[in-house]
2 protein chains.
Amino acid sequence: MEANSTVSDLNSHHDHCVEITMEVHKVVPPPHRSTLQKLKTRLKETFFPDDPLRQFKGQTGKMRFILGAQYVFPILQWGTNYSLQLLKSDVVSGLTIASLAIPQGISYAKLANLPPIVGLYSSFVPPLVYAVLGSSRDLAVGPVSIASLIMGSMLREEVSPSNDPLLFLQLAFSSTFFAGVFQASLGILRLGFIIDFLSKATLIGFMAGAAIIVSLQQLKALLGIKNFTKQMGLVPVLSSVFHRKNEWSWQTILMGVCFLVVLLLARHVSMRRPKLFWVSAGAPLASVILATLLVFAFKAQNHGISVIGKLQQGLNPPSWNMLQFHGSYLGLVMKTGLITGIISLTEGIAVGRTFAALKNYQVDGNKEMIAIGMMNIVGSSTSCYVTTGAFSRSAVNHNAGAKTAVSNIIMAVTVMVTLLFLMPLFQYTPNVILGAIIVTAVVGLIDIPAAYYIWKIDKFDFLVMLCAFFGVIFVSVQGGLAIAVGLSIFKILMQITRPKTVMVGNIPGTNIYRNIHHYKEATGVPGFLILSIESPINFANTTYLNERILRWIEDYEAEQDTKKQSSLRFVVLDLSAVSSIDTSGVSLFKELRKAVEKKGIELVLVNPLGEVMEKLQRADEARDLSRPDCLFLTVGEAVASLISTIKGQSSTHI
Amino acid sequence: MEANSTVSDLNSHHDHCVEITMEVHKVVPPPHRSTLQKLKTRLKETFFPDDPLRQFKGQTGKMRFILGAQYVFPILQWGTNYSLQLLKSDVVSGLTIASLAIPQGISYAKLANLPPIVGLYSSFVPPLVYAVLGSSRDLAVGPVSIASLIMGSMLREEVSPSNDPLLFLQLAFSSTFFAGVFQASLGILRLGFIIDFLSKATLIGFMAGAAIIVSLQQLKALLGIKNFTKQMGLVPVLSSVFHRKNEWSWQTILMGVCFLVVLLLARHVSMRRPKLFWVSAGAPLASVILATLLVFAFKAQNHGISVIGKLQQGLNPPSWNMLQFHGSYLGLVMKTGLITGIISLTEGIAVGRTFAALKNYQVDGNKEMIAIGMMNIVGSSTSCYVTTGAFSRSAVNHNAGAKTAVSNIIMAVTVMVTLLFLMPLFQYTPNVILGAIIVTAVVGLIDIPAAYYIWKIDKFDFLVMLCAFFGVIFVSVQGGLAIAVGLSIFKILMQITRPKTVMVGNIPGTNIYRNIHHYKEATGVPGFLILSIESPINFANTTYLNERILRWIEDYEAEQDTKKQSSLRFVVLDLSAVSSIDTSGVSLFKELRKAVEKKGIELVLVNPLGEVMEKLQRADEARDLSRPDCLFLTVGEAVASLISTIKGQSSTHI
């Protein structure tokens, strides 16, 4: 009786289906490829997704050499077409970024606990190297705030920059060397995708946290405190600042507040009207000049306002003899190099990609890494510390109309002139103005609209962002980063460990099958449980999938008892979204098959993709899983075909 | 001109398509659910995929209490229906596993550098605890070789068991305590899925490597060497063994070889004929008795054959006062507890699941973890070291007809009798026989057919297996495990970082679209590039996907130039396999859209799943991506609809 009613239920559905699909298409294994071929494809997709050798195809030997040279030195590519017209634009933008680079260079060097002049050295050699090797047309190269902060704080944990300045400088150059080696090797080994693991959410949280940490450090200069804490966290810095109220200098604070307001206003104006980019670009240098003149005029250095003091003159001295490749600090400099390297690389690549997308040209990530790495390797032996493409300066460069990397050369030449002739002018520059410049620069790193956007779209990403932010503020710069990256990877692993299985149903009048909890019109087919598995199947989720699918079956059976539905005959697994499988995954189907067969249910697989089909067939010597009557190309064909089989059986039985 | 030819190409295809699909179905966002509801579902699927509270639904208070008690103490469930019939089976199997457990207990304790009697203690209390709390009917509980090896080797790195035996014992009990706490907390916190990260391939390689390491350690007993190396690796052990040839004792070697042959033969017989399980089950005890008698009769202890010596008598003394919760060794015991805990848990759960699947009952992973953890916590305060369900002993238990956990109780009682009365008999048991017993037991851990199966199906899994194997042999037991787990996770991450994008084409005469490199009959639609993305889209792969999709477009355009095909009008992305997306993924579509629009190409999305649709809509305020003319439910409908649009446009133009 019950079997009959089932069949009639099924029949009514069946009549409806056959109108749409008559022919049943076979699932075939993909064309045979050897293990070596597969490995080659896999390696190519992993390391050469951009197919860099494509351009060499079908070229003559000489042409190949030229193309190769142009590939390694992009300057050969754009240099040949360089014109006076382009030079004009580049000179304007080069001078503009130089006016920003000089005060920022001095400020960031102080942030890294290095002598101010190292910041200028670092704005001279690396831009020249980048102009030859780099492929971005907008990147303005030099020291950046976050990498300076990280390097300074990591090295300061073990060596005091005031007690042992020479050792500190040696360690900074050595860290820069290792950062460069690490960056260049990522590019050469084509492992550039590693920086992709710093998600946008991580970076936004991290940047905002770092901006706050950097600003807190500026309280020393802005309040005129002499004995500032060596710690970086929010709590220790604030408590130390308020415990030393007696050291606050009102002259310094007044000057700081005035210039900070001016600089922030200038920034605001330029943000509102990008054409007025020169307002914010020129403001720091103008402020430095004005502040220096004020100090000089009023002899303010005698009234509690601290100044930079005498600076060395002359170009970068060589520093390769200062690099440390052995000794007790090797671990420290390698670790510092690794972290500053990856952070500055992320910033440089992101900046390059952003402006390339705006101007619609391509930036090759791996090549950029080699360029940035070489820049730091050369820099480390010419008294420069870690440099990369800075976001704020590149934006100014772009707005000022930079056309090629020549703007970097112009900037370097301007810095060179400064180094050779203008250094004595900085003697009376007050430290407070440098603090104000840094605060103005890092305020832009706090991106509230982006944070809100993330909150709106993905709550977990927002959590990652918060972890990065609070981790940086309350734990440590590296700690916050590690927590956020760990959490992002954990999320990916959790998605793999607990993949979605959804019940799909037929959209009436079609042979389309979709999630019945998403498309309300989709209805289940009586006697069928159709599940779609939405993830690769591997060791991390086979146990879960096994239990979850059995629970789907139990749930169906429980419902069938209460609703007097027709009993379950087929479990159809739609594998369209299972992009890969491993040995554990293959055994899942075998186990499932055994388990459901004991209940008199048949397991049917639909649309296994190439790799999955291949592995199933290799594992399935008894041809249990790849029998034509339990393997179909679409869910619609599976349902139609299985219903007609039942109909055939029941009509012969009657 | 060219546009016309394109349209006519498209038209011919179009006429063909409309026959199949006329109506266009809209993609709708899934029903609204609040963030809290989503979080609840996500947490439930992550931590309670088995829905453990299901059975309590709709029960009265008293019934709930009974069900709850039965849930915590499974003995209450099966105990009520216990019969004499079942007892008979359990007595037979209990005695059988006891005859195996006694010599193995003594041997494994020596493997862990512990006094032999600790092995017997550990075969008495834990089985009783498990009988009350455990839900497997076949698991035979006691010390196991690999956990013993790991604990012994990890503790020996810092404390010498011969110079400071009391401290070593304290550390062993403390490690056992932490292993238990760790195991129980995994169960209570429902984090049992962590052991799933030890894939089958990892375990096969690891087990085989460990078997070799364990066997190498037995060379001490089998060759009669007195000053054995403290190292574990293949190379140092073998070189030390051959450097001490003068210590080899021919009497010991002769005895060892004879008994080894007998034991291996017995194992072979039982493997061939499972009904003769008692041959291999009884052989170790028989060998111990025979060897002891031989030594006693010939006074062989005076002829170079070392014997166990006097053993303590009596039941387990309490040991809670020996647990160390502070001091310099806390880190060591916690680390040892963690690693031995996770390894023994993996073995116990795997064994339980295997036999549950054979007899068709369910084992609750998290509950089992609590049972095994409690067993070790109780054990650590009653002079037991780490125990779990042993594979070989459980197989014997199963073959001997065990019906319930009562067989564990029978075994415990037998061990108790031994402890109370039979200990003096072991005084003359030669160490060589214990070595032979261990080697025979661990030989079974080397599973060549399974390794071959993995090689056949998945070469990468095979690589993971080899890494685990060689890592254990040449690096260290923990090192090999860490390498293999790291590699497995790396593979998952690589799959996410480099997801497959495949070009799909129409299977003629249908509206089915499949990979054109898999289904040779599938053909592209002129003017359309239809790509299927087979992975979640997130921060780790957006950069790659962006570049890869643009390269697909370039390739299409290059081919179109050579083959004079109609120019590319639409890029259709089939998102059926994109199970989730994050903020980076959402911005991918926006960037792609901008990039292709510059080329006059339109981006069309097909079948975004619930979560993806929702996030796209939330991010897409301008409704650029979710306009009805670039969002379709199936590829077929997208193609048909877009072609008819073009046709309409071109006919009005003409």
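Calculation notes
Residues numbered from 1 in each chain as written. Chains lettered and ligands numbered in written order. Predicted model: local features only at pLDDT ≥ 70, side-chain atom pairs only at ≥ 80, totals over all residues. Helix = DSSP H or I, 4+ residues; strand = E, 2+ residues; numbered from the N terminus. Rg over C-alpha atoms; globule rule 2.2 N^0.38 Å. Buried ≥ 20, exposed ≤ 12 C-beta atoms within 10 Å, placed from the backbone. Contact = placed C-beta atoms within 7 Å. Pairing = 2+ DSSP bridges. Axes fitted to C-alpha atoms, helices over the stretch in contact; angles between N-to-C directions. Domains from an automatic or database assignment. Core = buried A, V, L, I, M, F, W, Y, C linked by C-beta atoms within 7 Å. Least-squares fit on C-alpha atoms with pLDDT ≥ 70 in both. Right-handed = clockwise from strand over helix to strand, strands pointing away. Nonpolar A, V, L, I, M, F, W, Y, C, P; charged D, E, K, R; others polar. Parallel < 35°, antiparallel > 145°, perpendicular 65-115°, else oblique. Left-handed = near helix turned anticlockwise from the far one by under 90°. pLDDT = per-residue confidence, 0-100. Expected span 1.5 Å × (residues − 1).

## A closer look at the overall build of chain A
In terms of regular secondary structure, chain A is built from 25 helices and eight strands. Its C-alpha atoms give chain A a radius of gyration of 33 Å, clearly above 26 Å, the size a compact globule of 654 residues would have. Taken over the C-alpha atoms alone, chain A extends approximately 110 × 70 × 55 Å along its principal axes. Counting every position in chain A, which comprises 654 residues, the buried fraction comes to 50%. The long-range fraction of contacts in chain A, counting pairs at least 24 apart against all pairs at least 6 apart in sequence, stands at 81%.

## Digging into the sheet that holds strand S3 (residues 501-506) of chain B
All names here are of chain B. Read from one edge of the open sheet, six strands run S4-S3-S5-S6-S7-S8, paired in mixed fashion. Bordering the open sheet on either side are strand S4 (513-515) and strand S8 (631-632), each of which pairs with just one other strand. In this sheet, strand S5 (residues 528-533) lies alongside S3 in antiparallel orientation, the contact comprising three bridges. Among the inter-strand pairings, Thr501 is bridged to a residue of S5, identified as Ile533. The sheet contacts of helix H23 (residues 542-563) involve S3, S5 and strand S6 (570-574), and relative to S5 the element is tilted by about 150°.

## A closer look at the domain arrangement of chain A
Under the domain assignment, chain A is made up of domain 1 (2-36 + 499-653) and domain 2 (76-493). Its C-alpha centre places domain 1 of chain A at a distance of 57 Å from the equivalent point of domain 2 of chain A.

## Things to note about the nonpolar core
Ranked by size, the top nonpolar core spans 368 residues in total, and within it Ala210(A) and Ala210(B) carry the most contacts. By size, the runner-up hydrophobic cluster in this structure holds eight residues, among which are Ile496(A), Ala540(A), Ile496(B) and Ala540(B).

## Re the sheet that holds strand S4 (residues 513-515) of chain A
All names here are of chain A. What the six strands build is an open sheet, ordered S4-S3-S5-S6-S7-S8; its pairing is mixed. Every other strand in the sheet has two partners, leaving S4 and strand S8 (631-632) as the edge strands with one partner each. Relative to S8, strand S7 (residues 602-606) runs parallel, the two sharing two bridges. Directly across from Val606, in S8, lies its bridge partner Phe632. Relative to strand S5 (residues 528-533), helix H22 (residues 542-563) is tilted by about 150°, and along the sheet it contacts strand S3 (501-506), S5 and strand S6 (570-574).

## Re the relation of the copies chain B and chain A
Each copy superposes on the other: chain B lies on chain A with an RMSD of 0.1 Å after a rotation of 180° and an axial shift of 0.1 Å. The transformation just described matches what one would write down for a two-fold rotation axis. Nearest to the rotation axis, the C-alpha of Ala577(B) is located 2.1 Å from it, this being the minimum over chain B. Both copies present the same face, since 100% of the interface residues in chain B are matched by interface residues at the equivalent positions in chain A.

## Topic: the pairing of S6(B)
All names here are of chain B. Most of S6 is tucked away: five of the five residues are buried. Of the two faces of S6, the one holding Phe570, Val572 and Asp574 and the one holding Val571 and Leu573 are both buried throughout. Inspection of the sheet shows S5 paired to S6 by five bridges, in the parallel sense. Pairing of Leu531 across the sheet is with Leu573, part of S6. Where S6 lies against strand S7 (residues 602-606), five bridges are found, and the strand directions are parallel. The residue of S7 that forms the bridge with Leu573 is Leu605. Regarding topology, helix H24 (residues 583-597) serves as the crossover connection from S6 to the parallel S7, and that connection is right-handed.

## Quick look at helix H7 (residues 125-133) of chain B
Think of an α-helix as turning once every 3.6 residues; residues three or four places apart then point the same way. Residue and element names in this part refer to chain B. Within H7, eight of the nine residues are buried, leaving the element largely enclosed by the surrounding structure. Among all positions of H7, only Val125, Pro126, Pro127, Leu128, Val129, Tyr130, Ala131 and Leu133 are buried. Summarising the contacts, the buried residues of H7 are in contact with helix H4 (75-79), helix H6 (116-121), strand S1 (141-142), helix H16 (365-380) and helix H18 (406-422).

## Here we look at the interface of chain B and chain A
Interface size, as often reported, equals the accessible area lost upon joining of the parts. Taken together, the contact pairs 66 residues of chain B with 66 residues of chain A. The set of elements that each furnish at least two residues to the side of chain B that touches chain A consists of helix H2 (35-47), helix H10 (200-217), helix H20 (448-457), helix H21 (459-475), helix H22 (477-497), H23, H24 and helix H25 (610-619) of chain B. Residue contributions to the side of chain B that touches chain A peak at seven residues, all from H22(B). Taken together, the residues of the side of chain B that touches chain A sort by class into 26 nonpolar, 20 polar and 20 charged.

## Observations concerning the environment of Arg498(B)
One can find Arg498(B) in the loop between H22 and S3. Ignoring any residue separated from it by four or fewer positions in sequence, one finds Arg498(B) in contact with Glu45(A), Thr46(A), Pro49(A) and Tyr544(B).

## Re the packing of helix H10 (residues 200-223) of chain A against helix H11 (residues 234-243) of chain A
Each pair of packed helices gets described by two things: the angle between the helix axes and the distance between those axes. Residue and element names in this part refer to chain A. H11 packs onto H10 with a crossing angle of 15° between their chain directions and a minimal axis gap of 10 Å. If you check the angle between H10 and H11, you find them roughly parallel. Like other packed secondary-structure pairs, H10 and H11 cross with a definite hand, here left-handed. Counting all contacts with H10, which are made through Ile212, Leu216, Leu219 and Leu223, the residues of H11 involved are Leu234, Val237 and Val241. Among the residues making up the contact of H10 with H11, the classes are represented as seven nonpolar, no polar and no charged.

## Focus: unusual backbone geometry
Residues and elements named next belong to chain B. A positive phi angle is found at Arg190, which is not glycine, with a value near 55°. Along the polypeptide, Arg190 turns up in the loop between helix H9 (165-188) and H10. Taking the number of C-beta atoms within 10 Å as the measure of exposure, Arg190 has 17 and is therefore partly exposed. In this model, Ser383 sits at a positive phi of 60°, which is unusual for a non-glycine residue. Relative to the assigned elements, Ser383 resides in the loop between H16 and strand S2 (388-389). The exposure class assigned to Ser383 is buried, which follows from the 26 C-beta atoms found within 10 Å.

## Description of the confidence of the model for chain A
Residues and elements named next belong to chain A. Scored by pLDDT, chain A has a mean of 85; 95% of the residues are at 70 or more. Ignoring residues within four places in sequence, the model shows residues 1-22, a span with pLDDT below 50, making 35 contacts including any to other chains. Scored as a complex, the prediction yields pTM 0.81 and ipTM 0.82.

## Details of helix H15 (residues 330-359) of chain B
In this model, H15(B) (30 residues) spans 42 Å end to end at C-alpha, consistent with the 44 Å of a helix rising 1.5 Å per residue. At the exit of H15(B) stands Asn360(B), carrying a positive phi of roughly 65°.

## Some remarks on the environment of Asn538(B)
Position of Asn538(B) among the secondary structure elements: in the loop between S5 and H23. On a C-alpha basis, the gap between Asn538(B) and Thr497(B) in space is 8.7 Å, while along the polypeptide they are 41 residues apart. Those residues within four positions of Asn538(B) in sequence are excluded, and the remaining contacts are Ile492(A), Ile581(B), Asp582(B), Ser584(B) and Gly585(B).

## So, the environment of Thr510(A)
All names here are of chain A. With respect to the helices and strands, Thr510 occurs in the loop between S3 and S4. Taking the C-beta count within 10 Å as the criterion, Thr510 has 20 such neighbours and is therefore assigned buried. Thr510 sits 126 residues away from Gly636 along the chain, and the two C-alpha atoms are 8.8 Å apart.

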